[in-house]
Amino acid sequence: MARGSTVAVPGGFGTGKTMLLQQIAKWCDADVIVYVGCGERGNEMADVITELSELRDPRTGGRLADRTVTIANTSNMPMMAREASVHTGMTVAEYFRDMGLDVVVIADSTSRWAEALREFASRTGALPAEEGYPAGLASAIAAFYERAAAVTTLGGDRGSVTVIGAVSPPGGDLTEPVTAHTERFVRCLWTLDRDLAYARHYPAVSWAGSFSRDVPVLAAGHRAAGDPQWSRHRDRVGAALAEADRLADLVDLIGIAALPARERVSVLAGRLVREGVLQQSALSERDAYCGPEKTAALADAVLAVVDRCRELVDSGVPATSVEDVDFGPLLRAREDTGPHDAAGVAARRDAVLAGLGEVRP
Ligand SMILES: Nc1ncnc2c1ncn2[C@@H]1O[C@H](COP(=O)(O)OP(=O)(O)O)[C@@H](O)[C@H]1O
Ligand SMILES: [Mg+2]
């Protein structure tokens, strides 16, 4: 997502919404962080506040809490104040934006806010629409997200408000009104997938169920920052995941041994991308944050290794010999190298390529 954009993070209970949002609060590229705890558990809010006050700010060397605003309306606090909490957060953000700062508003969770709207509507006798929510639910959600923007202030500075909202659909049902309406108004969607979370693939962002409308802007940004390959990498990583998903059903049905060698490499490619690039442990000191140059190096390493595997099976090497190569250095590169260590990732890529070089038909 780009600055001034909006993203919704829908996901059932325990899929990692709060964890993801807290990580973004810690590591995102913003000057000011506004964290709105909206109707979620009080102990999570307390965790956020303690962690932020303990965390060193990588930019200033001070405490991260010094540039964070927290707005608390936990589940035990008055419902009616919840309606105001997200707007309060947004207003605080706009105040800093107008000073020429980049601000991110993190709201966990907008579903609790929508439930407060429903409660309010029913007490005031408004006519209920779908699932008891007021008829104006869609416009209320739109009015919240449309306050995100990148602006030029009256003083001529550049400032922005970026909005990240968690959505917690009851029972993980993504067709319920709050999730469905939110999807219409955000520029990016990161859907958290229960199966991925159960498999401890964190962050459990579903590649098939998520989208970003910021891709062209980001591609231009990466190009300007000296990474012209970004778009191509992204497309290839996406294609590898889609192909592996397509083959997964087939593997369940007929077994991996029955697949042609090229397709077995595609299955391997899916695994390397998932474990080597997408997964990221919030609990690891080195992996919790990954700089753009390391992200690019990880994608490049996996794609280079996959290309070499393809060349090998095309030249007649059996797929099993390729699969037996130790891909460990590549899969552990995320955690074994520092957050900006692109050279370290490249060294591990070369180690795996050397291992593949020893494979004989
Ligand atoms: N990125 C991550 N890295 C490691 N563990 C994670 C990550 N995301 C979630 N988890 C695990 O999943 C648990 C539930 O996550 P949480 O954010 O509380 O879910 P939700 O807010 O969606 O209900 C966490 O306590 C943690 O153990
Ligand atoms: Mg949560």
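Our structure's up above, just so we're on the same page.
Residues numbered from 1 in each chain as written. Chains lettered and ligands numbered in written order. Predicted model: local features only at pLDDT ≥ 70, side-chain atom pairs only at ≥ 80, totals over all residues. Heavy atoms only, no water.

Caption draft 1: Local environment of the packing of aromatic side chains. Evaluation of the coordinates by the stated rule reveals four aromatic pairs. Seen from their ring centres, Y95 and F96 are 5.3 Å apart, and the 75° between their planes marks the pair as edge-to-face. For Y95, a relative accessible area of 55% translates into the label exposed. Members of the aromatic cluster, joined through ring pairs, are W113, F144 and Y145. The residue whose ring lies beneath R118 is Y133, and the NZ or CZ to ring-centre distance is 4.4 Å. (Phe/Tyr/Trp six-rings, centres within 6.5 Å; stacked < 30°, edge-to-face > 60°. Buried < 20%, exposed > 50% of the residue type's maximum accessible area, 1.4 Å probe, protein only. Lys NZ or Arg CZ within 6 Å of the ring centre and 35° of its normal.)

Caption draft 2: Spatial organisation of the nonpolar core. Judged by nonpolar contacts, the single largest core of 33 residues is most densely connected at L272, V305, C309, V322, F327 and L356. Secondary-structure elements contributing two or more residues to this core are helix 9 (230-254), helix 10 (261-278), helix 11 (292-314), helix 13 (328-331) and helix 15 (342-357). With 11 residues, the single largest contributor to this core is helix 11. Apart from residues no more than four positions distant in its own chain, V305 is found in contact with L272, F327, L330, R349, V352, L353 and L356. Counting residues in hydrophobic clusters, the runner-up holds 28 residues, among them A8, V32, L137 and V161. (Core = buried A, V, L, I, M, F, W, Y, C linked by side-chain atoms within 4.5 Å. Helix = DSSP H or I, 4+ residues; strand = E, 2+ residues; numbered from the N terminus. Contact = heavy atoms within 4.5 Å.)

Caption draft 3: Broad picture of the site of ligand 1. G12, F13, G14, T15, G16, K17, T18, M19, E44, Y202, Q280 and A282 make up every residue found near ligand 1. Residue M19 places a main-chain N or O atom 2.8 Å away from an oxygen atom belonging to ligand 1. Compared with its free state, where it exposes 570 Å², ligand 1 has 77% of that area covered by protein. Classifying every residue of the shell around ligand 1 gives four nonpolar, six polar and two charged. (Near = heavy atom within 4 Å. Polar contact = N/O pair within 3.5 Å; in protein donor to acceptor, adjacent residues only side chain to side chain. Areas by Shrake-Rupley, 256 points an atom, 1.4 Å probe, with all protein chains shown as cover. Nonpolar A, V, L, I, M, F, W, Y, C, P; charged D, E, K, R; others polar.)

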